[in-house]
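Here are the chains, one letter per residue:
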Amino acid sequence: MENEKYYITTPIYYPSGKFHVGHCYCSLVADAIARYKRLRGYDVFFMTGTDEHGQKIERKSAEAGKTPKEYVDEIIADTKDLWSKLGISYDKFIRTTDKEHVECVQKIFQKLYEQGDIYLDTYEGKYCTPCESFFTETQLVDGKCPDCGRDVELVKEESYFFKLSKYQDRLMEYYEEHPDFLEPLKRKNEMLSNFFKQGLTDLCVSRTSVEWGIKVPSNPKHTVYVWIDALTNYITGLGYLSPADEKFRKYWPADLHLVGKEIFRFHSIIWPALLMALDLPLPKKIFGHGWLVVDGTKISKSRGNYKDPREYINEVSVDALRYFLLHDVTLGEDGNFSEEKFIEKSNTNLSNDLGNLVSRVIAMIEKYEGGVINNNSYKDEDAVDLILAANGLISKVERNMDNLKINLAIDEIFNVISKANKYIDITMPWVLAKNEETEKLNKVLYNLVETIRIVTIALKPFLVETPDKIFSQIMIPEEYQTWKSAKTFGCFVKDTKVKKGENIFPRIDVKAKEETKVAEKVKKEKVKKVEEVKKEEVENIITIDQLMKVELKVGQILKVERVEGADKLYKLQVNIGSEERTIVSGLVPYYTEEELLNKKVVVCTNLKPAKLRGIMSNGMLLAAGEGETVKLLTIDGDIEVGSNIR
Ligand code: MSP
């Protein structure tokens, strides 16, 4: 295995919106395989990236008021952040807007045109814009796109075509001679019966109606249509047809193209045919995985049935998410993603089984051995089953990983974890300590640490934080943390120190989490309200409710008297319909007694009464103006006394 090359890819993703756990799934599977191969000593090249051209991006960016490049740049920065939080250990992130890719696609197009594999004609067909795919009438389902179920549109235009039909027989032969080329088998059979046996038709490979894409060099009114632009990334990213093509010479053909089931047929028909036309070797394997679904429906950007995966990482942990997606979804099948299940698995398999094993063992070594493993002998009759399982674990993981049975590889690891927990229950180290059976106690603790060492190494392809956390608490020398060393039980020496640290997998208390969420929501709403009130105060704004609290009525002045000893005040008797009120008002400078008598005025009737010059004033007349001119607000027209003013 040493230095043998391994080239693995994910599809390049459309940066047409935020990514969801469905997208993470494919990248995580590829990452686990890449990590596994690296641990085994392979020279791995793991490539992922983004497929940035086409009508969908053109439309979306226009909607967002951005240029397509500005639009995708933002999403790609966000995607790289997501991949880094998930621990996706890619060696190259290719973008179809990269200069090297654009130049190489143009060279490929020109080469195929010059050798007669691409020709100019007219295309008429049904086109699904979101899927960027043409379909024949027979492929449509009830007249709609067979992939996404949306409406298709009739498109007629001058186009370049790739002679796909020419490669039908060679492809068939290749499938027959290389039974492992397409997997899983059911998808290969599906592809053969649904698309292949009906006969391959030539493929439209350019559009004149799409601006955002790579121009056909000899005829720039044409844009290279999606599949030649996208599929070729697997070789352009290695420097194919460029002066710097060392990677291409080293890593091509790919060992594994991992793709989702809906793009499996493009990868199993168009891609190999293009490679045949370019006279290049074909990838060793194309694997079509299933979809992540929620309640039976594909998680997708257009359905919006998803959360940002970073929420799961923040709320639980990156390793819990990796564990769930890699273990609970069988590669090749659809898998259901449920938040409850995800949390439950984190609590049971990770916190209870793995987390508790590690913390119990460390606690016992600290308590009974002063924090140092002081024994080198492991032969204990109660440990036979455990030692056998731990000793054979790595080869079982390898066998499953080599067959892409990721969930079974993880099952093997947890099987050993469960045996270790049972070994504690059987041997009861606390009883051994009490009875001072020191020799047996030392052996038991040694066997447990050795099992944890092997299990932790075996977990390295799948979990990215946990192995380091465990080895920072059980300080095993680095030479015994390698994949190779984990193939032998009992190989590390005594005097290893342990030190209890943070809990590796704190349990997630769903109820408390819900309560916290509700409390946070209430708090947020409160803060929002307070802020609103503050804003209103600053801006002197009142709400309609506040305004409605002021009671205004039509009143009529029945009697006017001067207030003794006051220059400006009148004592008025005002009829407000339901009653008569005494109101003291400073109107002397502005109105005579005659002018006021019988006047219809606007009265605030729910003002708190106040004593003025010994007279209780119960209400207020509304007036406008200041200084020398003040005028009472009166009623325009014949409105009954006592009417409410709104
Ligand atoms: N750009 C093309 C691929 C070109 S490869 C030469 C494309 N992009 S995509 O963003 O729509 O999808 C990328 C990958 O994500 C596909 O393999 C697709 O199957 C996968 N997934 C998208 N939603 C998914 C789920 N809900 N579940 C699992 N994988 C899903 O297709």
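Please refer to the structure placed before this passage.
Just so it is clear, the structure is predicted and the values come from calculations on it, not from any experiment.

Parameters at a glance
- Residues numbered from 1 in each chain as written.
- Predicted model: local features only at pLDDT ≥ 70, side-chain atom pairs only at ≥ 80, totals over all residues.
- Heavy atoms only, no water.
- Pairing = 2+ DSSP bridges.
- Helix = DSSP H or I, 4+ residues; strand = E, 2+ residues; numbered from the N terminus.
- Near = heavy atom within 4 Å.
- Polar contact = N/O pair within 3.5 Å; in protein donor to acceptor, adjacent residues only side chain to side chain.
- Areas by Shrake-Rupley, 256 points an atom, 1.4 Å probe, with all protein chains shown as cover.
- Buried < 20%, exposed > 50% of the residue type's maximum accessible area, 1.4 Å probe, protein only.
- Right-handed = clockwise from strand over helix to strand, strands pointing away.
- Salt bridge = Lys/Arg side-chain N within 4 Å of Asp/Glu carboxyl O.

The next subject is the sheet that holds strand E18 (residues 552–562). Strand order in the open sheet formed by five strands is E20-E19-E18-E21-E24, with antiparallel pairing between adjacent strands. Each edge of the open sheet is held by one strand with a lone partner, namely strand E20 (580–585) and strand E24 (620–621). Across five bridges, the pairing between E18 and strand E21 (residues 600–604) is antiparallel. Directly across from Gly555, in E21, lies its bridge partner Val601.

Bringing the site of the ligand into the picture now. If you check the shell around the ligand, you find 24 residues, and the closest are Ile12, Asp51, Glu262, Leu292 and Ile299. The separation between a nitrogen atom of the ligand and a polar main-chain atom of Ile12 is 2.8 Å. At 2.8 Å, a side-chain N or O of Glu262 approaches an oxygen atom of the ligand. When the free accessible area of the ligand is taken as 660 Å², the share hidden by the protein chains comes to 96%.

The buried count for strand E11 (residues 256–260) comes to five of five residues, which makes it a mostly enclosed element. Side-chain alternation along E11 places Leu256, Leu258 and Gly260 on one buried face and His257 and Val259 on a second face that is also buried. With two bridges joining them, strand E1 (residues 5–13) and E11 adopt parallel strand pairing. In the sheet register, Thr9 faces E11, and the bridge partner there is His257. Pairing analysis gives four bridges linking E11 to strand E12 (residues 286–289), with the strands arranged parallel. Residue His257 lies in a different strand from E12, and its bridge partner there is Ile286. Each parallel crossover has a hand, and for E11 linked through helix H10 (residues 264–277) to E12 it is right-handed.

Between side chains of opposite charge, a pair can form as their charged atoms come close. The final tally for this structure, using the stated rule, is 44 salt bridges. Across the salt bridge formed by Lys5 and Asp255, the nearest N and O atoms sit 2.7 Å from each other. Taken together, the residues Lys5 in strand E1 and Asp255 in the loop between helix H9 (246–251) and E11 connect sequence positions 250 residues apart. Relative accessible area serves as the criterion here: at 16%, Lys5 is assigned to the buried category. Here Lys307 makes a salt bridge to Glu315, at a shortest N to O gap of 3.8 Å. On the accessibility criterion, Lys307 (19% relative accessible area) is buried. With relative accessibility at 28%, the residue Glu315 sits in the partly exposed group. Several salt bridges share partner residues, and in doing so they unite Lys18, Asp78, Asp81, Lys85, Asp308 and Arg310 into one network.

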